[in-house]
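Examining the three-dimensional arrangement
Read off the chains here:
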Amino acid sequence: MSDLTVVARHGLWMLMDEDDAELGSFRSQAEALLAVGDFAVVDLEPRYVLIQDPAGDWAEEIIEPPELH
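Residues numbered from 1 in each chain as written. Predicted model: local features only at pLDDT ≥ 70, side-chain atom pairs only at ≥ 80, totals over all residues. Heavy atoms only, no water.

Our focus in this paragraph is the pattern of salt bridges. This model, assessed by the stated rule, comprises 3 salt bridges. For R47, the salt bridge is made with D3, and the minimal N-O distance between the two is 3.7 Å. You can see R47 sitting in strand 4 (residues 47-52) and its partner D3 sitting in the segment before strand 1 (4-9), a full 44 residues away along the chain. Its relative accessible area of 21% is what places D3 among the partly exposed residues. For R27, the salt bridge goes to E31, with nearest N and O atoms at 3.2 Å. Its relative accessible area of 67% is what places R27 among the exposed residues. E31 sits in the partly exposed class, given a relative accessible area of 30%. (Salt bridge = Lys/Arg side-chain N within 4 Å of Asp/Glu carboxyl O. Helix = DSSP H or I, 4+ residues; strand = E, 2+ residues; numbered from the N terminus. Buried < 20%, exposed > 50% of the residue type's maximum accessible area, 1.4 Å probe, protein only.)

What follows is the structure, given as structure tokens:
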């Protein structure tokens, strides 16, 4: 089960929630995954992210919340 999904579409990387609602579009996969960190900050829990690349291949990544100083 994943919290969020990052999908390559039409040259952009779309960040989507578990209901397939679009949360934002980004120029790179790295930017989209960085945005996932904002969601991890909310409750300080890691986010499980499914990533679909332009070729249609899937990967999974865990994004840890940033450390608060």
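Okay, the side chain of T5 next. The residue T5 is located in strand 1 in this model. Given a relative accessible area of 12%, T5 falls into the buried group.

Our next topic: unusual backbone geometry. Phi is positive for H10, close to 50°, though the residue is something other than glycine. Topologically, H10 is positioned in the loop between strand 1 and strand 2 (12-17). Classification of H10 by relative accessible area gives exposed; the value is 82%. With a phi close to 65°, D20 is a non-glycine residue in the positive phi region. Relative to the elements of secondary structure, D20 occurs in the loop between strand 2 and strand 3 (22-26).

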